[in-house]
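Notes for the structure review
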Amino acid sequence: SGSGAVVLRLIEAETFVEQGGGLTLPGVGTGAPNVANLPLFDGPSLVVPSRVLVDPVARSLNVTDLTGTFRPGWPVFVFPNGSSQGGLSQPMVQNMDGVFGDEIVVASDFGSVYFFKGNGAVETVDLAFNRSLTAPVGFRNAVGGWRVLVVDKLGWLRTWSWNAAVNAPPELEQELFVDHALPLPPAAGQLTSGGGESLVVAFAD
């Protein structure tokens, strides 16, 4: 009702029924983790990107259960150009094709976007070389379909759809130059009662 007191209590258990696990990545983590519901596995999966130390060309997307055990078929390695700079972004996790289970989209500091199925199969979209990209963000269009947005450091906004269920490649839906550079992480949300979601992108220039 907008009035009255709020009382917060923190109760800390002396012991926990289940302890967390540990995970050693094949390299250094390069983006925040995310959680996916992948159709081949029971329970949630942890999705973590990393840059492989023993092979300077390789990047890795790591998928584990919540105890830190790698899921079968993971990690999956991608191999950009040998002079590629930087790592992979925080993964976007979303059911993009409407069939049970999530897909994973990861952008990079070196201008590539990777579209992963839950089984580890990957489609690669190469954009401008060594042009850093924001972490991807998912949003619904006016008819309820899921899209993914990535913005590059010079101000190009690009959106894709992806019907992974029929083995179609990612489809570029829109490409727009906004004449601003150095984008901050974009966001999506329902700002009006009309169909679809709105995208918000701020720039540091």
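Summary of the structure given here. In every chain, residue numbers begin from 1 and rise along the written sequence. Per-residue local features are limited, in this predicted model, to residues with pLDDT of at least 70; the limit for side-chain atom pairs, both in listing and counting, is 80 or more; totals at the level of whole chains, interfaces and linings are taken over all residues. In computing side-chain values, all of the structure's heavy atoms are included and hydrogens and water are not.

Below, the discussion takes up the overall build of the chain. On a plain count of helices and strands, the chain comes out with 0 helices and 15 strands. Within the chain, the proportion of its 205 residues that are buried is 39%. Of the contacts made within the chain by residues no fewer than 6 positions apart, 43% connect residues no fewer than 24 positions apart. Helix and strand assignments follow DSSP, with helices taken as H or I runs no shorter than four residues and strands as E runs no shorter than two, numbered in order from the N terminus. Accessibility here uses a 1.4 Å probe with only protein chains present; expressed as a share of the type maximum, an area under 20% marks a residue as buried, one over 50% as exposed, and anything in between as partly exposed. Here a residue-residue contact requires only that any non-hydrogen atoms of the pair lie within 4.5 Å.

Moving on, we get to the environment of Asp102. On the secondary structure map, Asp102 appears in the loop between strand 6 (92-94) and strand 7 (103-107). Expressed as a C-alpha distance, the spacing of Asp102 and Met92, which sit 10 residues apart in the sequence, is 9.7 Å. Excluding residues within four positions of it along the chain, Asp102 makes contact with Ala36, Asn37, Leu38, Pro39, Val93, Gln94, Asn95 and Gly118. Between N or O atoms, a polar contact is any pair within 3.5 Å; within protein, one atom must be a potential hydrogen donor and the other a potential acceptor, and residues adjacent in sequence are included only when both atoms are from side chains. A polar side-chain atom of Asp102 sits 2.7 Å from the main-chain amide nitrogen of Asn37. Engagement of the side chain of Asp102 in a polar contact is seen with the backbone nitrogen of Asn95, the distance being 3.3 Å.

Any carboxyl oxygen of Asp or Glu within 4 Å of a side-chain nitrogen of Lys or Arg constitutes a salt bridge here. One pass over the structure, following the stated rule, counts 4 salt bridges. As a salt-bridge pair, Asp152 and Arg131 come within 3.2 Å of each other at their nearest N and O atoms. Taken as a pair, Asp152 in the loop between strand 11 (146-151) and strand 12 (156-161) and Arg131 in the loop between strand 9 (122-126) and strand 10 (137-140) lie far apart in primary sequence, 21 residues in all. Glu173 serves as the salt-bridge partner of Arg147, at 3.9 Å between the closest nitrogen and oxygen. Here the residue Arg147 occupies a position in strand 11, and Glu173 occupies one in strand 13 (residues 171-177), the gap between them amounting to 26 residues. Accessibility expressed as a relative area gives 17% for Arg147, which makes it buried. Connected via shared salt-bridge partners are Arg131, Asp152, Arg158 and Glu175.

The subject of this paragraph is the layout of surface pockets. Sizing a probe to match a water molecule and rolling it over the atoms shows the empty space that remains. Cavities and pockets are found on a 1 Å grid laid over the protein atoms alone: a cavity is a set of points where a 1.4 Å probe fits but cannot escape, a pocket is an open set with protein on both sides within 12 Å along at least five of seven lines, and a lining residue has an atom within 4 Å of such a point. Grid points are joined across faces, edges and corners, and a volume is the space filled by probe spheres set on the points. Each pocket or cavity is described by its volume, and for the largest pocket that value is around 170 Å³. Forming the walls of the largest pocket are 14 residues, and the residues nearest its centre are Pro39, Asp97, Glu103, Lys117 and Gly118.

Reading across the sheet, the 4 strands line up as 10-11-12-13 and stay open at both edges, with antiparallel pairing between neighbours. Every interior strand has two partners, whereas the edge strands, strand 10 and strand 13, have only one. On average, each strand axis in the sheet is tilted by 25° relative to the strand beside it, whichever way the strands run. Two strands pair under a simple rule: DSSP has to find at least two bridges between them. Strand direction decides the pairing type here: strand 10 and strand 11, joined by 4 bridges, are antiparallel. Paired with Arg140 across the two strands is Trp146, which belongs to strand 11. Orientation is described by lines fitted to C-alpha atoms, with helices fitted over the stretch in contact, and by angles between N-to-C directions that extend from 0 to 180 degrees.

Looking at soluble globular proteins, one finds that nonpolar side chains tend to be buried together. In this structure, Leu61, Trp74, Ile104 and Phe116 are the most contacted members of the largest nonpolar core, which totals 16 residues. Secondary structure elements with two or more residues in this core: strand 4 (59-64), strand 5 (76-78), strand 7 and strand 8 (112-116). The residues touching Phe116, leaving out its near neighbours within four places in the chain, are Leu61, Trp74, Val76, Val78, Glu103, Ile104, Val106, Ala121, Val122 and Trp162. Core analysis: the second largest hydrophobic core is formed by 14 residues, Val125, Leu133, Trp146 and Val150 among them. Nine residue types can take part in a nonpolar core, namely buried Ala, Val, Leu, Ile, Met, Phe, Trp, Tyr and Cys, and a core is a set of them joined through side-chain atoms within 4.5 Å.

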